[in-house]
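# Structural overview
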Amino acid sequence: MSAGLDAPAPDDLDGVTLSFHSLPPVELRRRVRVARAAGFTSIGLSLSWLRGWLADGHDLAELEDLLGESGVMAGELETLRPFGVRPDAAEDLCWTVAERLRIPYVGAIGSYDGGWDDAVARFAALCDRAMGVGGGVVVGIEFLPFTNLPDAATAASLVRTAGRPNGGVCVDVWHVYRGGQTINDLNGSLWPSVVRLQLSDGPLVAEDDDLLADCLANRRPLGDGEFDLTGLLAAAARHCPEAGLSVEVISSRLREEPPEQVLPLLAGGLRSLLRGRDQPTPA
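Below, the structure is looked at part by part. What you see is a predicted model, and the numbers here were worked out from it, not measured in a lab.

How each quantity is defined
Note that residues are indexed from 1 along each chain, following the sequence as it is written. Local features in a predicted model are, by the rule used here, given only for residues with pLDDT of at least 70; side-chain atom pairs are given and counted only at 80 or more, and totals for whole chains, interfaces and linings are based on all residues. Note that water and hydrogens are dropped before the side-chain values are worked out from all heavy atoms of the structure. The buried label goes to any residue with under 20% of its type's maximum accessible area, the exposed label to any with over 50%, and the partly exposed label to all in between, with areas taken from a 1.4 Å probe on protein chains only. Under the scheme used here, helices are H or I runs from DSSP no shorter than 4 residues and strands are E runs no shorter than 2 residues, and both carry numbers assigned from the N terminus. In this scheme, strands are said to pair when DSSP sees at least two bridges between them. When the strands point away from the viewer and the path from the first strand over the helix to the second turns clockwise, the crossover is right-handed. Counting rule for disulfides: a pair of cysteine sulfur atoms within 2.5 Å. Between N-to-C directions, angles cover 0 to 180 degrees, with each direction set by a line fitted to C-alpha atoms, over the stretch in contact for helices. Here, two residues are considered to be in contact whenever any of their heavy atoms come within 4.5 Å of each other. Given a helix with a known number of residues, its expected span is that number minus one, times 1.5 Å. Working definition: the arc comes from the directions between the helix axis and the C-beta atoms, pointing outward to the latter. Angle categories are assigned with fixed cut-offs, so that under 35 degrees is roughly parallel, over 145 is roughly antiparallel, 65 to 115 is roughly perpendicular, and the rest are oblique. Take the far helix as the reference: if the near one is turned anticlockwise from it by less than a right angle, the crossing is left-handed, and if turned clockwise, right-handed. In this classification, Asp, Glu, Lys and Arg are treated as charged, Ala, Val, Leu, Ile, Met, Phe, Trp, Tyr, Cys and Pro as nonpolar, and every other residue, Gly included, as polar.

This next bit is on the pairing of strand 6 (residues 167–172). With respect to burial, strand 6 is a largely interior element, six of its six residues being buried. Pairing of strand 5 (residues 138–142) with strand 6 involves four bridges; the strand directions are parallel. Pairing of Ile141 across the sheet is with Val169, part of strand 6. A crossover connection joins strand 5 to the parallel strand 6 through helix 6 (residues 152–162); in handedness this β-α-β unit is right-handed. Of the strand pairs in this sheet, strand 6 and strand 7 (residues 194–199) are connected by four bridges, and their pairing is parallel. Residue pairing for strand 7: Asp172 is matched across the bridge by Gln198.

Quick look at the structure:
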């Protein structure tokens, strides 16, 4: 085992994925090391980053070996854009990586070209292909308020119409609030379609009127904002307890800090949230 990867580390965050963009683009071995030291046993990978990393002369065997020796799995792969007239150029790479690393979840986003029926057909085809990868990969649509898949209801409608067992909705709490909704607005018909929750925190009012810029710069660690994260986890526990969970705190401020300082901050906020979720309700 390589030096630096065998230090004892907590594993109480087992099952929660640290999304790729929660850290700046640091060297891969360092990324894995600091994630594991903070208690994460699952990290997310970025397709755009992977394309560049492989082009620099690395290969999937190197990545597979590093994850294996560190006790960390690749828990998610993002992001496909499958709704255009032409297939996403990264799709073949996506499925190659997902099969090689046994990645259980792939994220997808809009907007979609053409009409609603085109979007449904493309999502159905994507899920069909994902079902044939390894033991079957789950595909989650992440709704974004600045696209024509702007909210949870629209994403859930597409998933239901496509009717694929491995297709679902990714509820990123940031986009719930930036879409002008709260957790209470997520109605019961949504939850059977939810396959993943992505967690961050933030103010109720956007700090930037450009919602794309806002989501790429102003997210906060869990507990440092005003989102009802406890309510989100409680609703998910009632309606979709098998949904995956990831932390995605994309912050221009935190990108200026060393990941060795950022990861304990993110892990600490997550632990506080999970402790609150797991406390028994008084009789």
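The subject of this paragraph is the state of the cysteines. Two cysteines, two sulfur atoms, one covalent bond between them: this is a disulfide. Taken as a whole and assessed by the stated rule, the structure comprises zero disulfides. A disulfide-free cysteine, Cys94 has its sulfur positioned 12 Å from the sulfur of Cys127, the nearest such atom. Between Cys215, a free cysteine, and Cys170, which holds the nearest cysteine sulfur, the sulfur-to-sulfur gap is 12 Å. A relative accessible area of 4% places Cys215 in the buried class.

For the rest of this paragraph, the subject is the sheet that holds strand 5. Around the barrel, which closes on itself, the eight strands sit in the order 1-2-3-4-5-6-7-8 with parallel pairing between neighbours. The sheet shows a mean angle of 30° between the axes of neighbouring strands, taken without regard to direction. Summarising the sheet, strand 1 (residues 16–18) and strand 2 (residues 42–46) pair through two bridges and their orientation is parallel. Note on strand 2: the bridge partner recorded for Thr17 is Ser42. Taken strand by strand, helix 5 (residues 116–131) contacts strand 3 (73–80), strand 4 (105–108), strand 5 and strand 6, and its axis lies near 150° from that of strand 5.

Along the chain, Ser22 falls in the loop between strand 1 and helix 1 (28–38). According to the relative accessible area criterion, Ser22 is buried, its value standing at 4%. Leave out the neighbours within four places in its chain, and Ser22 touches Val247, Glu248, Val249, Val262 and Leu266.

Moving on, we get to the environment of Val138. Secondary-structure assignment places Val138 in strand 5. In sequence terms Val138 and Asp65 are 73 residues apart; their C-alpha atoms lie 24 Å from each other.

Between its terminal C-alpha atoms helix 5 stretches 23 Å, which fits the 22 Å expected from 16 residues at 1.5 Å a residue. Residues of helix 5 that are buried include every one of Ala119, Val120, Phe123, Ala124, Leu126, Cys127 and Ala130, and no others. Buried residues of helix 5, viewed axially, fall in a sector of 160°; they line one side.

Okay, the packing of helix 4 (residues 91–101) against helix 5 next. Across the interface, helix 4 lies against helix 5 with an axial gap of 11 Å and an inter-helix angle of 30°. Of the possible angle classes, the one that applies to helix 4 and helix 5 is roughly parallel. You can see that helix 4 and helix 5 cross each other, and the crossing is right-handed. Along the contact surface, helix 4 presents Glu91, Asp92 and Trp95, while helix 5 presents Leu126, Arg129 and Ala130. Considered class by class, the residues forming the contact of helix 4 with helix 5 number three nonpolar, no polar and three charged.

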